[in-house]
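Topology and contacts: notes
Single-letter residue listing:
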Amino acid sequence: MLRKIANPARLLTFQRTMASTASTGPLVRTELDSQTGYATVILNRAPVNSLSLEFMAEIIKTVDELERSKIRGMILTSPSSKVFCAGLDVLEMVNPSEDRLRSVWRNLQDTWAKLYGTSFPTVALINGHAPAGGCLLALTCEYRIMCSNFSIGLNETQLGLAVPPWLQKTMRNTVGSREAEIACIKGTMFSSEEALKIGLVDELAADKGEAMHKACNYLDTFKNMSPYARSATKLLLRNKKIEDMKRAREDDIDRVVKNVMNSDFQAGLAAYLQSLKDRKK
Ligand SMILES: CC/C=C\C/C=C\C/C=C\C/C=C/C(=O)SCCNC(=O)CCNC(=O)[C@H](O)C(C)(C)COP(=O)(O)OP(=O)(O)OC[C@H]1O[C@@H](n2cnc3c(N)ncnc32)[C@H](O)[C@@H]1OP(=O)(O)O
């Protein structure tokens, strides 16, 4: 459940209607507490918040809007009780047109860059599983609070996908070189407790209410600090990685096209999709 806001009149909700969504309501909902200046961004693409082209475009737009609104902090979360974000929409990879595949990958790069380079402080409130692209979203935030009994990790290699260099770097920056190398190559999924142990998340919480409380505590640490000094320091730390990604982005896209258009990959993906369905039986 979302944190209760003392005065509902203070709650401004930006809502956008999106075409082609199976979710109820907008793909991304933002609730702004005007007392604290903290925005809760709720990823809302049922059932598992998988990242389609349109969903990522909406996340990017939301972050742009929040930058313009001069918020004091952002909490990224999901309305689901089981899944934070299931990563890229695997259907985007099934025999895609090359043009769409390029656009999907470009949007993933931009989603990462936008969230990684926000001027305001960011917390991922990971209230469910966060494989691959779900872990990527969490890694873009400055601080991660994870509810117990879920899993998180960059499991791309398990699906036959290479982890892009900019994402490897983000993982390395978070957990250190050795842990990142092994985790990326093996495609390890970590339990919440294991993730805490290696520093992939910063705190655990028993439930979403507790996680929200801890997220606000993190954001409160900046309450009396100059937003300029804070964000300038963050961007000095992070901008080079964003620029590196942008410089190499066309090569990155070409590599992904080669990876995904390959017939062996497509055969493996079909088997993977079947295994997702079989798990339910
Ligand atoms: C276009 C991009 C091109 C190239 C990529 C190249 C390189 C990529 C490198 C890095 C970037 C990131 C990549 C990725 O993110 S790949 C996606 C990885 N994600 C997964 O492997 C997650 C798979 N899902 C699960 O493990 C479980 O669903 C989960 C634990 C998240 C939730 O389990 P739960 O039991 O709660 O739900 P399910 O019944 O399994 O799922 C419900 C429903 O949703 C469908 N589903 C699940 N995940 C996805 C997904 N990622 N994309 C699309 N659809 C997904 C699932 O099949 C069910 O559908 P249905 O059977 O119709 O109800």
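Summarised in this report is the structure supplied together with it. (Residues numbered from 1 in each chain as written. Predicted model: local features only at pLDDT ≥ 70, side-chain atom pairs only at ≥ 80, totals over all residues.)

**Some details on the overall build of the protein**
Formally: Elements are defined by DSSP. Helices are runs of H or I of four residues or more, strands are runs of E of two residues or more, and each kind is numbered from the N terminus. In this treatment the radius of gyration is a C-alpha quantity, and the globule benchmark scales as 2.2 Å times the residue count to the 0.38 power. Any residue with 12 or fewer other C-beta atoms within 10 Å of its own C-beta is exposed, any with 20 or more is buried, and the rest are partly exposed; the C-beta atoms used are placed from the backbone. Note that contacts rest on C-beta atoms placed from the backbone: two residues are in contact if these are within 7 Å.
What the protein contains, in helices and strands, is 10 helices and 10 strands. Radius of gyration (C-alpha) of the protein: 18 Å, near the 19 Å computed for a compact globule of 281 residues. Projecting the C-alpha coordinates of the protein onto the three principal axes gives extents of approximately 55 × 40 × 35 Å. Sorting the 281 residues of the protein into buried and exposed places 42% on the buried side. Across the protein, every contact between residues at least 6 apart in sequence was considered, and the portion connecting residues at least 24 apart equals 70%.

**Some remarks on the environment of Val 201**
Mapped onto the elements, Val 201 comes out in the loop between α6 (192-198) and β10 (203-205). By the C-beta count within 10 Å, which is 27 here, Val 201 ends up buried. Linking Val 201 and Leu 88, residues 113 residues apart in sequence, is a C-alpha distance of 21 Å.

**Description of unusual backbone geometry**
Residues Ala 46 and Pro 47 are joined by a peptide bond in cis, for which omega reads 5°. Relative to the assigned elements, Pro 47 resides in the loop between β3 (38-43) and α1 (53-68). Of note in this structure, Asn 49 is not a glycine but carries a positive phi near 55°. Among the structural elements, Asn 49 can be located in the loop between β3 and α1. Of note in this structure, Lys 70 is not a glycine but carries a positive phi near 55°. Of note, Lys 70 is situated in the loop between α1 and β4 (73-77). Exposure remark for Lys 70: the 10 C-beta atoms within 10 Å place this residue in the exposed category.

**Points about the site of the ligand**
Condition: Only the C-beta atom matters for nearness: placed from the backbone, it must lie within 6 Å of the molecule or strand for the residue to count as near.
Around the ligand, 33 residues are found, and the nearest of them are Ser 50, Gly 87, Leu 88, Ala 132 and Gly 133. Of all the elements in the fold, those that place two or more residues in the shell around the ligand are α2 (98-116), α9 (249-261) and α10 (263-278).

**So, the pairing of strand β5 (residues 122-126)**
Selection rule: A strand pair is defined by DSSP finding two or more bridges across the two strands. With the strands pointing away from the viewer, any crossover whose connection runs clockwise from the first strand over the helix to the second is right-handed.
Among the five residues that make up β5, five are buried, leaving the element largely enclosed by the rest of the structure. The side-chain alternation of β5 yields two buried faces, one formed by Thr 122, Ala 124 and Ile 126 and the other by Val 123 and Leu 125. Where β4 and β5 come together, three bridges link them in parallel fashion. Pairing of Met 74 across the sheet is with Thr 122, part of β5. Traced from β4 through α2 to β5, the parallel crossover comes out right-handed. Judged from the four bridges that link them, β5 and strand β7 (residues 143-147) form a sheet pairing that is parallel. Counterpart to Ala 124 in the pairing with β7 is Arg 144.

**As for helix α5 (residues 177-186)**
Quick reminder: α-helices carry 3.6 residues per turn. Residues three or four places apart thus point the same way. This is how it is decided: Directions pointing from the helix axis toward each C-beta atom define the arc.
The set of residues buried in α5 consists of Ala 180, Ala 183 and Cys 184. For α5, the buried positions fall inside an angular range of 95° around the axis, keeping them on one side. More than 90 degrees from the buried face of α5, the exposed residues found are Arg 178, Ile 182 and Ile 185. Residue Gly 187 follows α5 closely and has a positive phi angle near 70°.

**Quick word on the sheet that holds strand β6 (residues 130-131)**
Taken together, the three strands give an open sheet; going across it, the order is β6-β8-β9, and neighbouring strands pair in mixed fashion. The open sheet has two edge strands, β6 and β9 (190-191), and neither has a second partner. Here two bridges tie strand β8 (residues 151-153) to β9, and the two strands are oriented antiparallel to one another. In the sheet register, Ser 151 faces β9, and the bridge partner there is Ser 191.

**Points about α10**
Rule in force here: Expected span of a helix: the number of residues minus one, times 1.5 Å.
Taking 1.5 Å per residue as the helical rise, α10 with its 16 residues ought to reach 22 Å, and the 23 Å between its terminal C-alpha atoms agrees with that figure. Little of α10 is tucked away: zero of the 16 residues are buried.

**A closer look at the pairing of β4**
Counting buried positions along β4 gives five out of five residues, so the element sits mostly inside the fold. Neither face of β4 is open: one carries Gly 73, Ile 75 and Thr 77, the other Met 74 and Leu 76, and all of them are buried. Where β3 and β4 come together, five bridges link them in parallel fashion. What sits directly across from Ile 42, in β4, is Thr 77. Following the backbone out of β3, through α1 and into the adjacent parallel β4, one traces a crossover that is right-handed.

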